[in-house]
Amino acid sequence: MAQLKTWKVGVLGLQHVLAMYAGAVIVPLIVGPAIGMNAQQLAYLISIDLFTCGIATLLQVIGGRHFGIRLPVILGCTFTAVAPMIAIGKLEGITAIYGAIIASGLVVMVLSQFVGKILKFFPPVVTGSVVLIIGVSLIPVAMNNAAGGLGSKGFGSLENLALASFTFLLIILINRFSRGYVRAISVLLSLIAGTVLASFMGIVDVTPVKDASWFHMVQPFYFGMPEFHVSAILTMSIVAIVSMIESTGVFLALGDICDRKLESRDIKKGLRAEGFAIVIGGIFNSFPYTSFSQNVGLVALTKVRTRNVVIAAGGFLILLGLLPKIAALTTIIPTAVLGGAMVPMFGMVIASGVKMLSQADFSSNENLLIVACSVGIGLGTAVVPMVFSELPDGVRLLVENGIVIGSLTAILLNLVFNFKSMNIHEQERMKQLKADGDAI
């Protein structure tokens, strides 16, 4: 490939940022208000999120002797962590979220050494069940926001429902009638359009943008020193392992796109860097990070495979993270507009779980039973958490989280029913991960 001029590298890098921007900022926009953050704290959370996205991306792309896949991959917040982080924040506080993120990053770094042995414990019937539970548990958050936010004065008003419906329908229309890059940023375009419409309706408050400074320095442990709770760590570790499996598929696909044959040590270095990125997210009070598949699709679409473009994107993300006014722009998006975008986004998490489950062998009654029990227990606990209220506190912390108990049920039942066949199917599993990545 001919050497790209510096300005072209910059433009292509900015395109990567735009492609992942909505996915990056939507996580703090959901998690922040859900755990009681005010506008100033939320603006900082978005800034630090963008900053650490850039750091995590450069760590993965530039790499070193022991870290980094050294492929053009962008790292962003893993969406599957949204529901667990909200649950941890409400139950044990914001500092417990960051303690769990740091611990889960260390878990990923350790497990990356044994990636071949770990993956066999997470076949599609397990990962699909976990992602399905996470996705379904997010839907009430989306619907409450679409109505204006739980407890808000105008909850369920025609005004809020109209804004949510407009945003929702615009995402559908863009995906129906557009292609390529425009489709890739359909959520971002819809959020902007919904906010513009809301401003004409007189319900957009730009005060947070006016009050925000032009520049600030990020600082570790901004929201307090991390606290470490067993239940929270277990929850985030399960999410991190699911992300490990998804990232392995992304690495294999990107290796094909870039005509590079990946070996086991490359996967280990990539996952080790991802674990380190998660630790960095916890230290800077941000989020757990994973490889963004939408940016892999952009690499395939543009045919530009040079790492310099993604290095430029990482630089842009760091710069955006140092500019609070830019971050504050995203905080003025009305709750109902966010809710309208969340419905299809959270629905895609459910669809991803269903897609994973479609790879499982459902001619086996055992696999049907694994899904039935894990999803049933996980969702049942999420809907009726008081079912365990009489248990001792130490036990209750582990079982009253629907994602944890549902995930553990899936893992244990898979060991009970499928232990003998796990080694036989591991090679097929790696082939399927590669095929999933090729489909991105």
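Just above, that's the structure.
What counts and how
Residues numbered from 1 in each chain as written. Predicted model: local features only at pLDDT ≥ 70, side-chain atom pairs only at ≥ 80, totals over all residues. Heavy atoms only, no water. Helix = DSSP H or I, 4+ residues; strand = E, 2+ residues; numbered from the N terminus. Buried < 20%, exposed > 50% of the residue type's maximum accessible area, 1.4 Å probe, protein only. Contact = heavy atoms within 4.5 Å. Salt bridge = Lys/Arg side-chain N within 4 Å of Asp/Glu carboxyl O. Axes fitted to C-alpha atoms, helices over the stretch in contact; angles between N-to-C directions. Parallel < 35°, antiparallel > 145°, perpendicular 65-115°, else oblique. Left-handed = near helix turned anticlockwise from the far one by under 90°. Phe/Tyr/Trp six-rings, centres within 6.5 Å; stacked < 30°, edge-to-face > 60°. Lys NZ or Arg CZ within 6 Å of the ring centre and 35° of its normal. Nonpolar A, V, L, I, M, F, W, Y, C, P; charged D, E, K, R; others polar. Expected span 1.5 Å × (residues − 1). Polar contact = N/O pair within 3.5 Å; in protein donor to acceptor, adjacent residues only side chain to side chain. Patch = residues over 30% accessible without salt bridge, like charges linked within 9 Å, V, L, I, M, F, W, Y side chains within 5 Å. Areas by Shrake-Rupley, 256 points an atom, 1.4 Å probe, with all protein chains shown as cover.

A.B. asks: Go over the overall build of the protein, please, and point to the residues and values.
C.D. replies: The helix and strand inventory of the protein stands at 20 helices and 2 strands. For the protein, with 440 residues in total, the buried portion stands at 53%. Contacts in the protein between residues at least 24 apart in sequence constitute 84% of all its contacts with a sequence separation of at least 6.

A.B. asks: Which residues make up the pattern of salt bridges, and what values go with them?
C.D. replies: Under the criterion given, the structure shown has 1 salt bridge. With a closest N to O distance of 3.3 Å, R260 and D266 form a salt bridge. The class of R260 is partly exposed, set by a relative accessible area of 26%.

A.B. asks: Before we move on, could you go through the packing of helix α6 (residues 124-146) against helix α19 (residues 402-418) and cite the residues and values that matter?
C.D. replies: Two numbers describe how α6 lies on α19: the axes approach to 9 Å, and their chain directions differ by 165°. With respect to each other, α6 and α19 are oriented roughly antiparallel. Of the two possible hands of crossing, α6 and α19 adopt the one that is right-handed. Residue-level inspection shows V125, V126, S129, V130, I133, I134 and S137 of α6 in contact with α19, the latter providing G402, I403, G406, S407, A410, I411 and N414.

A.B. asks: I'd like a rundown of helix α3 (residues 82-92), residues and numbers included.
C.D. replies: The α-helix winds at 3.6 residues per turn, so residues separated by three or four positions along the chain end up facing the same way. A large share of α3 lies buried, amounting to 8 of its 11 residues. Among the residues making up α3, those that are buried are V82, A83, P84, M85, I86, I88, G89 and E92. One or two steps after α3, the chain reaches G93, where phi turns positive at roughly 100°.

A.B. asks: I'd like a description of the packing of aromatic side chains, backed by residues and values.
C.D. replies: Each aromatic ring pair is specified by the distance between its two centres and by the angle formed by the two planes. Per the stated rule, a full pass over the model turns up 6 aromatic pairs. Between Y44 and F223, the ring centres sit 6.1 Å apart and the planes meet at 80°, which makes this aromatic pair edge-to-face. Of the two residues, Y44 is situated in helix α2 (residues 39-62) and F223 in the loop between α10 (207-211) and α11 (230-257); the sequence distance between them amounts to 179 residues. The buried category is assigned to F223, whose relative accessible area is 15%. Their ring planes at 40° and their centres at 5.3 Å tell us that F67 and F276 sit as a pair that is tilted. Separated by 209 residues along the polypeptide, F67 in the loop between α2 and β1 (75-77) and F276 in helix α12 (residues 264-283) bring together distant segments of the chain. Residue F67 is classed as partly exposed on the basis of its relative accessible area of 23%. Taken together, the ring pairs connect Y44, Y98, Y222 and F223 into an aromatic cluster. Its guanidinium or amino end placed over the ring of W214, K325 lies 5.2 Å from that ring's centre, counting from NZ or CZ.

A.B. asks: For unusual backbone geometry, give the residues involved together with the corresponding values.
C.D. replies: The phi angle of most residues is negative, glycine excepted, and most peptide bonds adopt the trans form. At F221, a position not held by glycine, the phi torsion is positive, near 55°. Along the chain, F221 falls in the loop between α10 and α11. In the Ramachandran plot, N285 falls in the positive-phi region, its phi being about 55° despite a non-glycine side chain. Here N285 lies in the loop between α12 and β2 (289-291).

A.B. asks: Go over the packing of α2 against helix α14 (residues 307-321) with me, naming the residues and quoting the values.
C.D. replies: Interhelical geometry of α2 versus α14 gives an angle of 155° and a closest axis separation of 7 Å. Classed by the angle they form, the pair α2 and α14 counts as roughly antiparallel. Between α2 and α14 the crossing geometry is left-handed. In this structure, α2 contributes S47, L50, F51, C53, G54, I55, T57, L58, V61 and I62 to the contact, and α14 contributes R307, V310, I311, G314, L317, I318, L320 and G321. Of the residues contributing to the contact of α2 with α14, the split by class is 12 nonpolar, 5 polar and 1 charged.

A.B. asks: If you had to explain the environment of L106 to someone new, which residues and values would you point to?
C.D. replies: By the element assignment, L106 lies in helix α4 (residues 94-111). Separated by 131 residues in the primary sequence, L106 and S237 place their C-alpha atoms 9.2 Å from one another.

A.B. asks: Explain α19 to me, and be specific about the residues and the numbers.
C.D. replies: In this model, α19 (17 residues) spans 23 Å end to end at C-alpha, consistent with the 24 Å of a helix rising 1.5 Å per residue. Those residues of α19 lying buried are G402, I403, V404, I405, G406, S407, T409, A410, I411, N414 and N418.

A.B. asks: Got a sec to walk through the side chain of N418? Specific residues and values, please.
C.D. replies: Note that N418 resides in helix α19. At 3.1 Å, the side chain of N418 and the side chain of N367 are in polar contact.

A.B. asks: Lay out the side chain of T195 with the relevant residues and their values.
C.D. replies: Locating T195 in the fold gives a position in helix α9 (residues 186-200). The contact partners of T195, leaving out residues within four places of it in the chain, are V204, I332, I333, P334 and V337.

A.B. asks: If you had to explain the environment of C373 to someone new, which residues and values would you point to?
C.D. replies: Here C373 lies in helix α17 (residues 365-383). With a relative accessible area of 27%, C373 lands in the partly exposed category. In this structure, the C-alpha to C-alpha distance between C373 and L413, residues 40 residues apart in sequence, is 8.7 Å. Discounting residues that sit within four places of it in the chain, C373 has contacts with T409 and L413.

A.B. asks: Give me a nonpolar patch on the surface: which residues, what numbers.
C.D. replies: Together, F166, L197, M201 and I203 line one region of the surface with nonpolar side chains, adding up to about 270 Å² of accessible area. Residue placement: M201 occurs in the loop between α9 and α10.

A.B. asks: Could you give an account of the environment of A39, with specific residues and numbers?
C.D. replies: Looking at the element boundaries, A39 is found in helix α2. By relative accessible area, which is 40% here, A39 ends up partly exposed. Spatially, the C-alpha atom of A39 lies 8.9 Å from that of I332, the residues being 293 residues apart in sequence.

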